[in-house]
Amino acid sequence: MKKIVAVLMAGLMVMGLVACSSEDTNSSTASSNSSQASTSEASTADESSEVLELSGSVTTGGSTSVESVVGAFIEAFREMYPDVDVTYDPTGSGAGITGASEGTLDIGLSSRALHDDETGLEETTFALDGIAIIVNNENTVEDLTLEQIKGLATGEITNWSEVGGPDMPVVLVGREAGSGTRDGFESIVDVEDACVYSQELTSTGAVIAAVASNPNAIGYASLSAVDDQVKTVTVEGVAPSEATVQDGSYQIQRPFVFVTKEGAELSDAAQAFIDFALSDDAEQLIIDAGAVPLA
Amino acid sequence: MKLKKATEKIMNTVFLVCGFTAVAAVGLITIYMIISGLPAIREIGLIDFLFGTEWASTAAEPKFGILPFILTSVWGTVGAIIIGVPIGLMTAVFLSKVAKPRVAAMVRPAVDLLSGIPSVVYGLIGMMVLVPAIMDWFNLSNGTCLFAAILVLAIMILPSIISVSETALQAVPPEYEEASLALGATKIETIFKVSIPAAKSGIVAGVVLGIGRAIGEAMAVMMVAGNVANMPGLFKSVTFLTTAVAKEMSYAGGLQRQALFSIALVLFCFIMVINGLLNHFLKKGGAEDGK
């Protein structure tokens, strides 16, 4: 009986802690959002007062990779226009583009540029995503070409000595199927469904921790999440940074895109949402969400 | 008087409602699992789903074969039982028959504490200590493997094996042991030839409880097994049934998501079978005690 009580108490305490911490993060994001919103209100208020009375709904959907960025947009946008209901349905870039062209979505979300055969659509890039290639701090490799990264990922290169590193086996650490970072890495390096993983982990933090603890490891992680636990290699001689992603010289990057139907009239609410996402106010939201704002 | 009667009635209803909450929860979960798990199985085909050896849920041509997960879960559990049962049984014998009361009073709380440690802590220590150690011992390029998961699971199932077996061993009538000793058997002979056979069904119940815990564990296993959908190998990165569901659920959509529910349904069936076995052995134990 005592044991049960003790376990219950421990459980309650843990739940209490979780509740506290989540409340903390909520309140902090809420406050940052409200400050965000108040500045934007200040900037839009003098333009016209009728904009503030926008109502209706905006349906968006598509890429799962943009979830954190668009989620932040939606939260901040709701502060400004409480009557507008913005929805986001994570279905994948392909479905987002199809949805926009078929008119089932007001705004399609894609984490890749449109292909040439996807016509009749307009794309508006609202953020960029850089993916860093990370290795263990003990690894002496400093630079990799895209071709070498491809070889390392597909298992063609099995020893670090083949790319100028120490005589150690290569261990690829990555994300689980369905992850946006995995999808981004595999599509940019052109190794879709061909990677030979040794570990598939469920968060960027776990990938970084795994690479930090295994001298043989190579992994990929969102640029904003990388810290000095691991070494970031340069790709084709370019180190990843906000600046090199913005000017396009760092190659492992992709755009986050709003896809809308060409020539179709957007609703006021949808237009306001896009305008907000492209405004200076959105910049901090993009950075906080781990992406790179446009230059 | 009337008030008393009313209170009785109200309390009766309260107890009844509480009792039915558990039943309703089980019923709802079962129905939900079946409804959400069947569509993908129907679309993929039961044979392809259960016996397909390849899982590539987001590939251009997705493959949904869960045989690697099933076999990994089975081998992982078997491995944990092979390591955990001897240790657990010996500990139970030690606590109930051999140890001096003072020593037993020190070991027992430790065992209880072991059962209270959250699985994420097991996983964390496995990840930080065990995985690098395995890499070192066996000279592997990557330490996350089935073997690491087996070791973690073996430790995790110890408390259930120990506490249930200990109770069963303590319930063995002292006359049996006294008779054995009186006939000239040594203490060790008595334990292995009289006490353990007499407590057999209780010990088996403890083992089955351990199997249930091992097969249902997700968090700790996810942190040490590597989570790649390989066919099981002792030093290969593997995915268990539980981790297959847990790792992909957050971003899954469409058929992939439905297939994850189907995996959960398969896992649910495993647990049901194990629970059935457990009830069987517990009943048998009860019947023997009643004799």
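From a predicted model like this one, the values you see are computed outputs, not experimental measurements. Per chain, residue numbering runs from 1 following the sequence as it is written. For this description, chains carry letters from A and ligands carry numbers from 1, given in the order in which they are written. Per-residue local features of the predicted model are confined to residues with pLDDT of at least 70, and side-chain atom pairs are confined, for both listing and counting, to 80 or more; whole-chain, interface and lining totals are unaffected and use all residues.

1. Details of the overall build of chain B
Spelled out, the test is: Helix and strand assignments follow DSSP, with helices taken as H or I runs no shorter than four residues and strands as E runs no shorter than two, numbered in order from the N terminus. To sort residues by exposure, count the other C-beta atoms lying within 10 Å of each residue's C-beta; 20 or more gives buried, 12 or fewer gives exposed, and values between give partly exposed, all with C-beta atoms placed from the backbone. Contact between two residues is assigned when their C-beta atoms, built from the backbone, lie within 7 Å.
In terms of helices and strands, chain B carries twelve helices and two strands. Ordered by position from N to C terminus, the α and β elements of chain B give α-α-β-β-α-α-α-α-α-α-α-α-α-α. Taken along its principal axes, the extent of the C-alpha atoms in chain B is 75 × 70 × 35 Å. Counting over 291 residues, chain B shows a buried share of 41%. A fraction of 72% describes how many contacts in chain B between residues 6 or more apart in sequence connect residues 24 or more apart.

2. What about the domain arrangement of chain A?
Buried accessible area, meaning the area lost when the parts come together, often serves as the stated size of an interface. Note the threshold: How far each domain reaches was decided by an automatic or database domain assignment. When residue character is reported, Ala, Val, Leu, Ile, Met, Phe, Trp, Tyr, Cys and Pro are called nonpolar, Asp, Glu, Lys and Arg charged, and the others, Gly included, polar.
What the domain assignment reports for chain A is domain 1 (2-128 + 255-288) and domain 2 (130-253). Tallied by class, the residues present in the side of domain 1 of chain A that touches domain 2 of chain A amount to one nonpolar, four polar and one charged.

3. As for helix α5 (residues 119-137) of chain B
Residue and element names in this part refer to chain B. Put simply, the test is: Throughout, the bend at a residue refers to the angle made by two axes, fitted to the seven residues ending there and to the seven starting there.
Taken as a whole, α5 carries its principal kink of about 40° at Gly 126. Along α5, the residues that are buried comprise Tyr 122, Gly 123, Gly 126, Met 127, Leu 130, Val 131, Ile 134 and Met 135. Among the structural elements, α6 (146-170) and α10 (219-224) are those in contact with the buried residues of α5.

4. Digging into the confidence of the model for chain A
Stated precisely, the cut-off is as follows: A residue's pLDDT is the confidence the predictor assigns to it, expressed on a 0 to 100 scale.
Summarising the model, chain A shows a mean pLDDT of 82, and 82% of its residues fall at 70 or more. A low-confidence stretch, residues 16-50 of chain A stays under pLDDT 50, and its non-local contacts, those more than four residues away or across chains, total 16 contacts.

5. Considerations on the interface of chain B and chain A
Contact with chain B, which involves 21 residues of that partner, is made by 23 residues of chain A. Here the side of chain B that touches chain A is built from residues that sort into seven nonpolar, eleven polar and three charged.

6. Considering the packing of helix α7 (residues 174-182) of chain B against helix α8 (residues 187-198) of chain B
Residue and element names in this part refer to chain B. Here is the rule we go by: Between N-to-C directions, angles span 0 to 180 degrees; the directions come from axes that are lines fitted to C-alpha atoms, helices contributing only their stretch in contact. The labels follow the angle: roughly parallel below 35 degrees, roughly antiparallel above 145, roughly perpendicular from 65 to 115, and oblique for the rest. Left-handed describes a crossing whose near helix is turned anticlockwise from the far helix through less than a right angle; right-handed describes the clockwise counterpart.
Remark: α7 packs on α8, axes separated minimally by 10 Å, with the N-to-C direction vectors making an angle of 160°. In terms of their interaxial angle, α7 and α8 are classed as roughly antiparallel. Both α7 and α8 take part in a crossing whose hand is right-handed. Contacts between α7 and α8 involve Tyr 176, Glu 177, Ser 180 and Leu 181 from the former and Thr 190, Val 194, Ser 195 and Ala 198 from the latter.

7. Details of the nonpolar core
Rules: Remark: nonpolar core denotes a set of buried Ala, Val, Leu, Ile, Met, Phe, Trp, Tyr and Cys residues whose joining runs through C-beta atoms within 7 Å.
The biggest cluster of nonpolar side chains holds 148 residues, and the ones touching the most others in it are Val 224 and Ile 263 of chain B. At 16 residues, the largest contribution of residues to this core is made by α6 of chain B. Each of two domains, domain 1 (2-128 + 255-288) and domain 2 (130-253) of chain A, supplies a minimum of three residues to this core. Setting aside chain neighbours within four positions, we find Val 224 of chain B in contact with Gly 123, Gly 126, Met 127, Leu 130, Val 131, Thr 144, Ala 148, Ala 149 and Val 152 of chain B.

8. Brief notes about the environment of Leu 50 of chain B
Residue and element names in this part refer to chain B. With respect to the secondary-structure elements, Leu 50 resides in helix α2 (residues 46-51). For Leu 50, a count of 15 C-beta atoms within 10 Å puts it in the partly exposed group. C-alpha separation for the pair Leu 50 and Gly 65, spaced 15 residues apart in sequence, amounts to 6.2 Å. Those residues in contact with Leu 50 that lie beyond four places of it in its chain are Ile 66 and Leu 67.

9. Here we look at the pairing of strand β6 (residues 171-175) of chain A
Residue and element names in this part refer to chain A. What counts is decided by this rule: Pairing between strands is defined by DSSP: at least two bridges between them are needed.
Burial within β6 is extensive, with five of its five residues counted as buried. Taken together, the three bridges between β6 and strand β8 (residues 217-222) define a ladder with parallel strand orientation. For Leu 172, the partnering residue across the bridge sits in β8 and is Ile 218. Bridge count between β6 and strand β7 (residues 199-201): three bridges; the pairing is parallel.

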